[in-house]
Amino acid sequence: KQQAQWLKQTAYNIFVSGGSHWACCLTSKSRKRWQHMANHRRAVEKMNARARAEEEKLNRRRRSTVVMTENVALPPVEGFLTRFRRSIFGGEYEQPHRVVLDPAAGTLTLWDPPADDSTQAKAAAAEPRKVYRLSFLDMVNISDKFLQISLGFADHKKVLSLTARTKADFNSWAMALSHYSKSMSTEE
């Protein structure tokens, strides 16, 4: 009896792990039951993983809100950074932008740099290229070696990758964004 139980348990373990040898050891009734149990277990594990991910997002959003209120008094930071992008055809290119970090408004804004002093360039510069809300900031990755700052936002699929021209520019941006990286830590 113990050997039969061990054989069934071994067959079940092989079935759950994706093996194809389980059918020879099980009756069709017990096979269906174990298959149902395995499907149920996978579904429960998926639901638990989704729930943990949602809870982590909520916790991150709460920490981000706290960090945002702490940083409202910080001065805005403005400068020129180069944005790294990939084209739809698989190529890569860099695009310079004037970037403004405004803690009071809670935004990071990218502007196209003016090409010249013409009225057309000034009119184009009146509208920002992209506005990111710092309340959705999920990831801050700072690389001293490449003078690169990568930012991930919850409401955008792609990571924003910015490169500074000089070490001084990079240090000022790294210092300004380090205040917001507190929201990414898991400690409270």
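Above this note sits the structure.
For the structure given in this document, a descriptive report is provided here.

What follows covers the overall build of the protein chain. Secondary structure summary: the protein chain contains four helices and seven strands in total. Its helices and strands in sequence order give the protein chain the pattern α-α-β-β-β-α-β-β-β-β-α, from N to C terminus. Per-residue burial over the protein chain gives 30% buried out of 188 residues. For the protein chain, the exposed area adds up to about 12,800 Å²; of that, 55% sits on carbon and sulfur atoms.

Let's shift gears to the sheet that holds strand S5 (residues 137–143). Strand order in this open sheet of seven strands is S4-S3-S2-S1-S7-S6-S5, and the pairing throughout is antiparallel. Lying at the two open borders of the sheet, with one neighbouring strand each, are strand S4 (130–133) and S5. Each adjacent strand pair in this sheet contributes to an overall mean axis angle of 30°, direction not counted. Sheet analysis places strand S1 (residues 77–86) next to strand S7 (residues 160–164), joined by four bridges and oriented antiparallel. Counterpart to Thr 82 in the pairing with S7 is Thr 163. In the packing of helix H4 (residues 167–178) onto the sheet, contacts are made with S1, strand S2 (92–102), strand S3 (107–111), S5, strand S6 (148–153) and S7, and the angle to S6 comes to roughly 30°.

This next bit is on the pattern of salt bridges. On inspection of all chains with the given rule, the structure shows four salt bridges. We note a salt bridge from Arg 41 to Glu 45, for which the minimum N-O separation is 3.5 Å. Here Arg 41 and its partner Glu 45 are both found in helix H2 (residues 28–70), four residues apart, which amounts to about one turn of the helix. Among the residues examined, Arg 41 registers a relative accessible area of 34% and is labelled partly exposed. On the basis of relative accessible area, Glu 45 is assigned to the partly exposed category, the value being 44%. The salt bridge partner of Asp 112 is Arg 129, with a shortest N-O separation of 3.6 Å.

Once that is clear, we can look at unusual backbone geometry. For Leu 147, which is not glycine, the phi torsion reads 55° and is therefore positive. Inspection of the secondary structure puts Leu 147 in the loop between S5 and S6. Here Leu 147 falls in the buried class, since its relative accessible area comes to 17%.

Right, let's get into the packing of aromatic side chains. Considering all chains together, one arrives at one aromatic pair under this definition. Measuring from ring centre to ring centre gives 4.7 Å for Tyr 132 and Phe 153, while their planes differ by 25°; the resulting arrangement is stacked. With Tyr 132 in strand S4 and Phe 153 in strand S6, this residue pair connects regions lying 21 residues apart in the sequence. Across the pair, Phe 153 and Tyr 132 agree in class, each one buried.

Here S1 pairs with S2 via ten bridges, running antiparallel. Residue Glu 78 lies in a different strand from S2, and its bridge partner there is Val 100. Linking S1 back to S2 in an antiparallel pair, the connection comprises five residues, with Gly 90 at a positive phi of about 95°. Examined bridge by bridge, S2 and S3 share five bridges and lie antiparallel to one another. Of the residues in S3, the one forming a bridge with Val 100 is Thr 109.

Each value, and the rule that gives it
- Residues numbered from 1 in each chain as written.
- Predicted model: local features only at pLDDT ≥ 70, side-chain atom pairs only at ≥ 80, totals over all residues.
- Heavy atoms only, no water.
- Helix = DSSP H or I, 4+ residues; strand = E, 2+ residues; numbered from the N terminus.
- Buried < 20%, exposed > 50% of the residue type's maximum accessible area, 1.4 Å probe, protein only.
- Areas by Shrake-Rupley, 256 points an atom, 1.4 Å probe, with all protein chains shown as cover.
- Pairing = 2+ DSSP bridges.
- Axes fitted to C-alpha atoms, helices over the stretch in contact; angles between N-to-C directions.
- Contact = heavy atoms within 4.5 Å.
- Salt bridge = Lys/Arg side-chain N within 4 Å of Asp/Glu carboxyl O.
- Phe/Tyr/Trp six-rings, centres within 6.5 Å; stacked < 30°, edge-to-face > 60°.

So far we have only geometry, and geometry alone does not tell us how the molecule works.
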